[in-house]
Structure formats: C-alpha cells, structure tokens
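One letter stands for each residue in the lines below.
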Amino acid sequence: MPEHEIAIIGGGISGLSALHFIRLLKPEQDVHLYEAESRLGGTIGTDNIEGYSFDRGPNGFLDREPLTLQLAEELGLTDKLERAGENVSNRFILRDGKLRAVPMSPIKFMMADILPVMGRLRVMGEPFAKKRPDGIDESIYDFVERRIGRDAADYLVQPMVSGVYGGVASKLSLKSCFPIMREMENEYGSLFKAMISKAKKAKAKGKSGAGPSGPGGWLTSFEGGTETIIKRFEEKYINQITKQSRAVEITKHNNLYRIKMANGTIVEAKSLILALPANHAAEITCELSSKLTSALGSIPYAPIAVVCLGYNEKNIDHDLDGFGFLVPSKENIKILGSIWTSSIFKNRAPQGMVQLRTMVGGDGDHASAELSDNELLKLVTDDLDQIMNISGKPDIVKMYRWKYGIPQFLIGHSEVMNRIEDETKTLGNIFVTGNAYYGIGLNDCVKQSFKVASLV
Ligand SMILES: Cc1cc2nc3c(=O)[nH]c(=O)nc-3n(C[C@H](O)[C@H](O)[C@H](O)COP(=O)(O)OP(=O)(O)OC[C@H]3O[C@@H](n4cnc5c(N)ncnc54)[C@H](O)[C@@H]3O)c2cc1C
C-alpha cells in the first residue's frame, strides 16, 4: 500500500499548483497527486481542431496575481505568456437589442447611452449612498442598487455577474464574491472616494494604480491556450502524479488518512489535500466526518455550456474589435454573452475565419445549459445572428458542458467556510483548495493552493 507524507486528490489547477508549491517549499516531503481522469487539468483544456484552438473552460487569467506569474516563471512558461490584444478593453453590453460600448472613463460614461440619463446621474450620486444596515451579508445586487442605483445593477453589474460567476446578483454574497468592494466601502465610506484615494497613493509611489485594463489587471493566457500550463505541470511532475485514480472514500486510521480508490487501490497519507470540486469532496468524506460532508455539500454549482463557433469573417457584419459582449437578463435573450476569442488572442482561428465563444445557462437558467446539442446550437446561432448580423452557418461547432460549472457563493457562504475550516482543523492535517471556497478564478485557486502548501 503506497504511503505518502502528503497526498493530493484532484489534478486541476488547484491540485497541480499545490503540488508545485509543496515541492518548492518542502522539497524533502514525499507528496503525490491522484487524479480521477486519464487527463489532468479539470476544467482547463484546449482542443486544436482544423486550425482552431478551443479552450474548454477558462480562456485566461488576469495578470494581477503575483503568485500566478511566479508559477508561470517557475514552470519556465514566462516566454509563453500571451497577453490579450489592446482591444480587450472594448467591451459591449446589449441594451434594447443593440450592442453598446462600456465607457471606460467617468466623462465617457456620462456621454454614453448605456444607461438612461437618470441612471447615469444616480451613479454619480454614489458618495451619498445610504449606509449598509449593520450585520448583514448583503447580496451583490442590493449593494450595487444601494450605492449606484437599479439601472446600473440591472445593466452593468448583473450581466458581469452572470458572465463571470454564472450567477444571479441578488443571490450571491458581496462579502464572499467581491470582498474588496465591501472593504472599500467600510474604509472610505464611498467607492468613488476609495478609487480616487487609491489612485493618488499609487501615483505617489510612481505607479499608474491600475493595470492597462483597470485595477483588475490584463487578460493573459498562454501560447497554445490554457492547456499549455497543464502540459508543463505534467512534464515536470510526472513521477509525483497518478492518473485514472478516482478516490471514492476517505477514512482515518492511527493518524493516517486512508484513501480508497475506485480501482481498489488503497493509499495512506499523513496529510491530505482535497483539490476537487466541493460536491466531489463531500461525497468522499462522508465516512470521515458528516459535518465536513454536509458543509462541503451545501455549496451549490451553476451549470454552464460553452458553445465555440468558427465563422468565415465575411459572414459577420461586425468588426469584432473588442473582447465581446454581455447580456443583461432584462433583455430576455437566452445567451449570457459572447467572447470574440480570435480578436483577443492570436492563432485561435485559421486565416480569414473567426472564433466566437458563447456562454449559456448559469444559475438563472439551468434549463438552457441542459438543452440537446441541436437545440443549444439553434439557441446560440439565433441570438448571435440577430445581435451581430451574422449570415450563413458556422464553419465548425464545438460545445463543452459543465454540469457543475461554477460554484455559487450564496449569501451565507462565509458561514459555510467557517464550518469547513473548523471541521478540518478538528480532524487535523486535512486541507481543502479549489474554486469553491475563497474565489472562483484561476488566480484564486493558485493563491489558495499556495496557502495550503505553506500550512500542510
Ligand atoms: C466555462 C468556464 C469558464 C471559465 N473561465 C475562466 C476564466 O476565463 N478565467 C478564470 O480565471 N477562471 C475561469 N473559470 C474558472 C476556473 O476554470 C476554475 O476555477 C478552475 O479551473 C478550477 O480548478 P480546480 O483545480 O479547483 O478544479 P477542477 O478544474 O474542477 O479540477 C478538479 C480535478 O479533480 C478531479 N477529481 C474529481 N473528483 C475526483 C476524485 N474523486 N478523485 C480524484 N480526482 C478527482 C477532476 O477530474 C479534476 O481534474 C471558468 C470555469 C468554467 C467552467
């Protein structure tokens, strides 16, 4: 029976970066990663088909997290980092059936038609917004409505929340999804005041205060798509990884975690890192702790379908000069938004062709994510044809479905995290990492895995 000092279950970005950071911080420790599937990467993956490069899940990360850049460097991938083109800042929102540019400065915002005049004036009244009632875990929608008004909540923030979280702004917790917004309000009493103060401080330090696309950083991927990093992990850690090993049950015996695999193998480890989706982690820990299982199992997921289409550029009566567009739910259009992948990264479509990547489903529309392939394709092409003046059929279609796509940090998520933290501490030497806990993006996963690697 293999016995390790540290076992990691799950070979997505969270498990792989935990493995990397442990090797870096504790090279003397025997650490081994077990992955259920025959391929690593989890939601990360890239398919190269007929000159197109399709990302299955994430298509990039924001270059604001030093640990992700450090990871790329340590994996020898710095020269493979691919920054999105300058036009990535051109973003659009659908309003009254038309694509409208998202203004990037206060003056442009006041001139733009993205919100009605009263809606724009209401945004400018942000410093005078009502205070948050004490002691509540406020939803994103309530926070935004309170600070900048209902128009902005419906037409600027809800589409962003469904595009990023696949979520419904009135159900998600601001504290868990955008803690920085809450901190800015707590510290400065106003988001505008906070932004001005931060910009001044950054200027004094000689920095611009923001990445080229704002304080969020710049969208970045790897040459060849996101799978490039997964291949590099695999090459580097081939001896510390076993694929096709699905953990089915975890128990504890004499201070050792015992992991039963679906193929009958038993593995023991002094410390255990669960780097798998919370619902899978819940399933395999039920013999170990009902409290842990119940807390993990209470984190819901939204399903997402990603529909990648290749078109001849001549069939699209739009310059596609930008990142793409998001759809507010008030528009009564089924798609959540579409990313113009070949406009932002190189080599994602053959010469003369373009790639559009459209998201469907989310927590607000489970049914659409579950449509048959033909129905889903019809839904997407009908919407795109109308919004972007497309004629003719796509040259290629590739669909990816994520039934448990994006974890939802609902109101009360921080309480769930307290329960998970308390129970893992009680059990001892067991840790969780992944996108279901402290942040859903790749950067969040890397950051959480670094923390776990330092603690284990
Ligand atoms: C459609 C979509 C688009 C996204 N776009 C972006 C984006 O552009 N930018 C961004 O930053 N983030 C994006 N995300 C989020 C990002 O992809 C995830 O946060 C991240 O990839 C999660 O990584 P993970 O390792 O935590 O989990 P996963 O990727 O889910 O990996 C978990 C791994 O555990 C394995 N596993 C499961 N059960 C077991 C078991 N019992 N035994 C052994 N192994 C098991 C799985 O096979 C899998 O390999 C997107 C997500 C989706 C779904």
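Reading the values: rules and limits
Residues numbered from 1 in each chain as written. Predicted model: local features only at pLDDT ≥ 70, side-chain atom pairs only at ≥ 80, totals over all residues. Heavy atoms only, no water. Domains from an automatic or database assignment. Contact = heavy atoms within 4.5 Å. Buried area = accessible area lost by both parts, 1.4 Å probe. Salt bridge = Lys/Arg side-chain N within 4 Å of Asp/Glu carboxyl O. Polar contact = N/O pair within 3.5 Å; in protein donor to acceptor, adjacent residues only side chain to side chain. Nonpolar A, V, L, I, M, F, W, Y, C, P; charged D, E, K, R; others polar. 1 Å grid on protein atoms, 1.4 Å probe; cavity = no way out; pocket = protein on both sides within 12 Å on 5 of 7 lines; lining within 4 Å. Points joined across faces, edges and corners; volume = space filled by probe spheres on them. Helix = DSSP H or I, 4+ residues; strand = E, 2+ residues; numbered from the N terminus. Pairing = 2+ DSSP bridges. Axes fitted to C-alpha atoms, helices over the stretch in contact; angles between N-to-C directions. Near = heavy atom within 4 Å. Areas by Shrake-Rupley, 256 points an atom, 1.4 Å probe, with all protein chains shown as cover.

## Focus on the domain arrangement of the protein chain
Then step 1. If you check the domain split of the protein chain, you get domain 1 (3-44 + 228-299 + 409-455), domain 2 (115-204) and domain 3 (301-407).
Then step 2. Measuring from the centre of the C-alpha atoms in domain 2 to the corresponding centre in domain 3 gives 28 Å.
Then step 3. Taken together, the contacts link 13 residues of domain 2 with 13 residues of domain 3.
Then step 4. Looking only at domain 2, the three residues that lose the most surface to domain 3 are Y155, P159 and G166, adding up to 40% of its buried area.
Then step 5. Across the contact surface, domain 2 and domain 3 share two salt bridges.
Then step 6. We note a salt bridge from D154 to K330, for which the minimum N-O separation is 3.7 Å.
Then step 7. Joining domain 2 to domain 3, the criterion identifies three residue pairs in polar contact (both at pLDDT 80 or more).
Then step 8. Its residues assigned to classes, the side of domain 2 that touches domain 3 comprises six nonpolar, five polar and two charged.

## Examining empty space enclosed by the protein
Then step 1. Applying the stated rule across the entire model yields one cavity of 30 Å³ or more.
Then step 2. As for the largest cavity, its lining consists of I13, I44, F61, T68, L71, F222, T226, I229, L442 and V446.
Then step 3. For the lining of the largest cavity, the elements supplying multiple residues, two or more each, are helix 2 (66-74) and helix 17 (442-455).
Then step 4. Per-class residue counts for the lining of the largest cavity are eight nonpolar, two polar and no charged.

## Let's talk about the sheet that holds strand 14 (residues 301-312)
Then step 1. Judged by pairing direction, the sheet is mixed, and its seven strands sit side by side in the order 8-7-15-16-17-14-18 without closing on themselves. Across the chains shown, the open sheet's two edge strands, defined by having one partner strand only, are strand 8 (98-101) and strand 18 (396-407). Across the sheet, the mean angle from the axis of one strand to that of its neighbour is 25°, orientation sign disregarded.
Then step 2. In the sheet, strand 14 pairs with strand 18 via nine bridges, with the strands oriented antiparallel. Note that in strand 18 the partner of I304 across the bridge is W402.
Then step 3. Those strands touched by helix 15 (residues 373-388) are strand 7 (91-95), strand 8, strand 14, strand 15 (324-326), strand 16 (335-339), strand 17 (353-361) and strand 18, and its axis lies near 65° from that of strand 14.

## Examining the site of the ligand
Then step 1. Close to the ligand lie 35 residues; S14, E35, G60, I440 and L442 are nearest.
Then step 2. One of the side-chain N or O atoms of S14 is found 2.7 Å from an oxygen atom in the ligand.
Then step 3. For the ligand, the accessible surface in isolation is 1000 Å², of which the surrounding protein chains cover 89%.
Then step 4. If you list the elements that add at least two residues to the shell around the ligand, you get helix 1 (13-25), strand 14, strand 18 and helix 17.
Then step 5. Looking at the shell around the ligand residue by residue, the class counts come to 16 nonpolar, 16 polar and three charged.
Then step 6. A domain split of the shell around the ligand shows at least three residues from each of domain 1 (3-44 + 228-299 + 409-455) and domain 3 (301-407).

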